[in-house]
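So you can see what is in the structure, the chains are spelled out below.
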Amino acid sequence: MASQDTLRAVDTGKVSPLYDPKVRGIFFQGLLFVVLVGFIYWIIGNTVDNLERAHIASGFGFLNRRAGFDVSDALIPFTSDSTIGRSLVVGILNTLLVSVMGIVTASILGFLVGIGRLSTNWLIRKICMVYVEIFRNIPVLLVIFFWYVGVLSVLPQPRQSIHFPLGMFLNSRGFYFPRFVWGEHAWLVGVALVIAIALAVFVKVKATQRQMATGQQFPVLWTSVALIVGLPALAFLLAGLPLSFEVPKLSTFNLNGGVQVKPELLSLYLSLSFYTAAFIAEIVRAGIMGVPHGQSEASYALGLRPGTTLRLVVVPQALRIIIPPLTSQYLNLMKNSSLAVAIGYADLVAIGGTVLNQTGQAIEIVAIWMAVYLGLSLLVSIFMNWFNAKMALVER
Amino acid sequence: MQEHDLSFVRTEMAIAEAPPRSAQGTGHWLRTNLFSSVTDSVLTIVGVVVLILIIPPLVDWLFLSAQWTGTDRTFCATTVQGGIRPDGWSGACWAFVGDKLQQFIYGRYPFSERWRVDLVAALFVVLLVPLLIPKVPRKGLNALLLFIIFPIVAFFLLLGGWFGLPHVETPLWGGMMITLIVSFVGISASLPCGIILALGRRSRLPVVKTVCVAFIELIRGVPLITVLFMASVMLPLFLPAGTYFDKLLRAIVGVAIFASAYMAEVIRGGLQAIPKGQFEGADSLGLTYTQKMRLVILPQAIKLVIPGIVSEFIGLFKDTTLVSIIGMFDLLGSVQQNFHDATWATAQTPMTGLVFAGFIYFVFCAGMSRYSMFMERRLDTGHKR
């Protein structure tokens, strides 16, 4: 039978439609589509049924209802009379705050440790290795508990606060530092800063042009520093020192005034930074090791100093290797910030969970979570892709 | 006639002279590795100071001042806190870990039935170890036993209710047991699901591709905790009313879905690294799609991404801690649950429990990563491009 079929197929030059990849493709896709649609239809049917049974009205109307709960660390004014929608905005802002702070600190720490792992110094190399090995091999949730339960809860009562210079305090209720209170004419300083930055950019452009034309270098860095520090300082003096500090003061049971960073935020921020820094360190190490040795040797042969070699030859090439995995670490940090719910920091997931328990609007809350995190991921990706394209090899 | 006078021809090598004193021994090592320049010396001194600040207090807390035996909190509390220790004492309370160890391993699984858990664990080790040692033969049978037969046996043994074994409901399960169950199921489900999703994403069929891409990107874009919340809150909504869906199973479904999406991306990396000629070669031999993938493409692709797969496994193992947030008591969850246990609540208890849990996770994760390095070296056929 089979051989006859084959013979006939060869004879006529046609294949049975059963064996035509195109027909098969269409068939399987149709099958998948039908199964998928059926599955979704079944789920929606069940959900509608279940929601009716539980008397939950679907839709986003609940966002305008009164929240009825309080959020202790809100960046925008929030009371229990505010709407549920506003509480979610508070959550998004807190997620953003801890993510941005964490990303900055983790990058700095990660680069330092990553370079430390390649140091010629044996001791530094080993210390960095132990750090990376420890943090890469324990769960981030454990690191968060470690900071929250282990370290910050054994801090002293407010009365025995640990004093730091410049009016900063640390105790079991968090970290306190002075609030900046800007006085009259303080806007002059801001204006001066903007002008200084504009001048620094101008100097940089002119210096590059001159170096291209004549080969002479101009000390851009020091000029820029002088401009950016000097001009605002001058404006500050001229405006009559319009700045005062609201230093936290110790009263009987508590510290008053100043800015308070709650232990929840502090431990989440520290643990996310320390945890992600270990991963970033490995990425940085791989990136630097990925630059061929000949590059730095050639640079030395041209007479460049080690510092210049690192800045102009090694780092720009290492960045090309570093940026893509670095992006995914940033995204991981942002997603890990959702573990705030474990220690009660009011981020998007924690507040969403509270709302979910109160209203039972599971689908809407999960949809909001997904939309926000997907949106944020997309933003970070777009930015890092732009940065990556800027850093990419320009081939002539 | 001039005579060739070879007055001296050395017949044996001269004995090599020892390197100069400055280039050997401890002094040389110190000079090159710790004090090669001024900056280097400063860094070394800073490093030593940091170590002096960290190591002695740590050793003291972990071992010297630690309380090793005891029956309740008084052994680990200072006199002010109602204990027997002097004021200002600080040390690990290992007595707490010793007392609660059973709970950290089995959760609230009934005492008389714990042999079942031990048996499952023993079976697991007996099946896993030969699979990990490359020299042991019959890998196929071994894998079949571990991934198909073992889960069925384990399911009936742990849950009970059959063959005269008392039924133990899952809310009683806990500790290390849950951590290992969730990781094992997650790992064994995520690999095949990940392969299917990765193949789907690389497919030429637009509908298949779109569905896979949408699934992968949706799951990868959100935190695991939202997926777990979704699994625990929304799965009951999606199923017909009255369907009972076990809480542990919901957590496992959440973890497996999440891990599959990540695994798919790792495997896609491997698939993309396979040269086009391999696909074409398989096609020209007349292999079907399944044969082509199973016999030619996947073995090469998976071998390429073994480090990635293992690091996904490690990530998954660490991520199982998140099930404690949706109310399961895995290792971390049961440690945390005991912080406020009235018998043991002292200032030292939480830190001790966390250090213990951290140590366990570290041993497992470091073990996995060492094994992956070993396999990487073994599988390195020199075909790296």
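Just so it is clear, the model here is predicted, and its values are computed rather than measured.

The rules behind each value
Residues numbered from 1 in each chain as written. Chains lettered and ligands numbered in written order. Predicted model: local features only at pLDDT ≥ 70, side-chain atom pairs only at ≥ 80, totals over all residues. Heavy atoms only, no water. Helix = DSSP H or I, 4+ residues; strand = E, 2+ residues; numbered from the N terminus. Rg over C-alpha atoms; globule rule 2.2 N^0.38 Å. Buried < 20%, exposed > 50% of the residue type's maximum accessible area, 1.4 Å probe, protein only. Contact = heavy atoms within 4.5 Å. Areas by Shrake-Rupley, 256 points an atom, 1.4 Å probe, with all protein chains shown as cover. Phe/Tyr/Trp six-rings, centres within 6.5 Å; stacked < 30°, edge-to-face > 60°. Pairing = 2+ DSSP bridges. Expected span 1.5 Å × (residues − 1). Disulfide = S-S within 2.5 Å. Buried area = accessible area lost by both parts, 1.4 Å probe. Salt bridge = Lys/Arg side-chain N within 4 Å of Asp/Glu carboxyl O. Polar contact = N/O pair within 3.5 Å; in protein donor to acceptor, adjacent residues only side chain to side chain.

K.L.:
Looking at this model, I keep getting lost on the overall build of chain B. Mind explaining?
P.N.:
What chain B contains, in helices and strands, is 14 helices and 0 strands. Traced from its N-terminal end to its C-terminal end, chain B shows the element sequence α-α-α-α-α-α-α-α-α-α-α-α-α-α. The C-alpha atoms of chain B give a radius of gyration of 29 Å, which is well past the 21 Å a tight globule of 385 residues would have. Principal-axis analysis of the C-alpha atoms gives chain B an extent of 120 × 80 × 40 Å. Taken over 385 residues, chain B has a buried fraction of 42%. Here the analysis covers contacts within chain B between residues at least 6 apart in sequence; of these, 68% occur between residues at least 24 apart. Just so you have it, chain B exposes about 21,100 Å², and 68% of that area is on carbon and sulfur atoms.

K.L.:
Mind showing me how you'd approach the packing of aromatic side chains here?
P.N.:
The geometry of an aromatic ring pair is captured by two quantities: the separation of the ring centres and the angle between the planes. Under the defined criterion, the tally for this structure stands at 25 aromatic pairs over all chains. Relative to F374 of chain B, the ring of Y371 of chain B lies with its centre 5.8 Å away and its plane at 50 degrees, an arrangement referred to as tilted. Taken as a pair, Y371 of chain B and F374 of chain B lie in helix 14 (residues 349-379) at a separation of 3 residues, close to a single helical turn. F374 of chain B gets classed as partly exposed once you look at its relative accessible area, which sits at 33%. Among the aromatic side chains, those forming a connected cluster through ring pairs are Y131, F135, F146, W147 and F274 of chain A.

K.L.:
I'm lost on the pairing of strand 2 (residues 168-171) of chain A in this one. Help?
P.N.:
Put simply, side chains in a regular strand alternate between the two faces of the sheet. All names here are of chain A. Looking at chain direction, strand 1 (residues 162-164) and strand 2 are connected through 3 bridges and run antiparallel. Bridge pairing in strand 2 links H163 to F169. Once strand 1 ends, the chain turns through 3 residues before running back antiparallel as strand 2, passing L166 with a positive phi of about 65 degrees. In this structure, strand 2 lies alongside strand 3 (residues 174-177), joined through 3 bridges in antiparallel fashion. Within strand 3, the position partnered with N171 by the bridge is G174. Between strand 2 and strand 3, which pair antiparallel and follow one another directly, the connecting turn spans 2 residues.

K.L.:
Would you explain helix 2 (residues 38-64) of chain B in this entry?
P.N.:
Owing to its 3.6 residues per turn, the α-helix brings residues three or four apart onto one side. For helix 2 of chain B, spanning 27 residues, the distance from its first C-alpha to its last is 37 Å, which sits close to the expected 39 Å at 1.5 Å a residue. Against the buried residues of helix 2 of chain B lie helix 4 (122-136) of chain A together with helix 1 (25-33), helix 3 (94-106) and helix 14 of chain B.

K.L.:
Before we go on, may I ask you to explain the pairing of strand 3 of chain A in this structure?
P.N.:
Here 3 bridges tie strand 3 of chain A to strand 8 (residues 259-261) of chain A, and the two strands are oriented antiparallel to one another. The partner of F177 of chain A across the bridge, within strand 8 of chain A, is V259 of chain A.

K.L.:
Teacher, can you tell me more about the environment of E280 of chain B here?
P.N.:
Residue and element names in this part refer to chain B. Along the chain, E280 falls in helix 10 (residues 276-284). A relative accessible area of 45% places E280 in the partly exposed class. Separated by 214 residues in the primary sequence, E280 and A66 place their C-alpha atoms 65 Å from one another.

K.L.:
Hey, could you run me through the state of the cysteines in this one?
P.N.:
Covalent bonding between the sulfur atoms of two cysteines defines a disulfide. All names here are of chain B. What the rule picks out here adds up to 1 disulfide over all chains. The disulfide partner of C76 is C93, and the S-S distance across this bridge is 1.9 Å. Linking C76 and C93, the disulfide has an S-S dihedral of approximately 75 degrees and is accordingly described as right-handed. Taken as a pair, C76 in the loop between helix 2 and helix 3 and C93 in the loop between helix 2 and helix 3 lie far apart in primary sequence, 17 residues in all. With a relative accessible area of 2%, C76 lands in the buried category. With no disulfide partner, C193 has as its closest neighbouring cysteine sulfur the one in C212, 11 Å distant. C193 sits in the partly exposed class, given a relative accessible area of 36%.

K.L.:
How should I be thinking about the interface of chain B and chain A in this particular structure?
P.N.:
Put simply, an interface is often sized by how much accessible area is lost when its parts join up. Each partner contributes to the interface: chain B provides 53 residues, whereas chain A provides 50 residues. Summed over both sides, the interface between chain B and chain A buries roughly 4,500 Å², with carbon and sulfur atoms accounting for 77% of that surface. The largest share of the area that chain B buries against chain A comes from L237, F238 and K318 of chain B, three residues that together contribute 13% of it. Counting across the chain B and chain A interface gives 1 salt bridge. Two residues, R370 of chain B and E133 of chain A, come together in a salt bridge whose shortest N-O distance is 3.7 Å. Inspection of the chain B/chain A interface yields 13 residue pairs in polar contact (both at pLDDT 80 or more).

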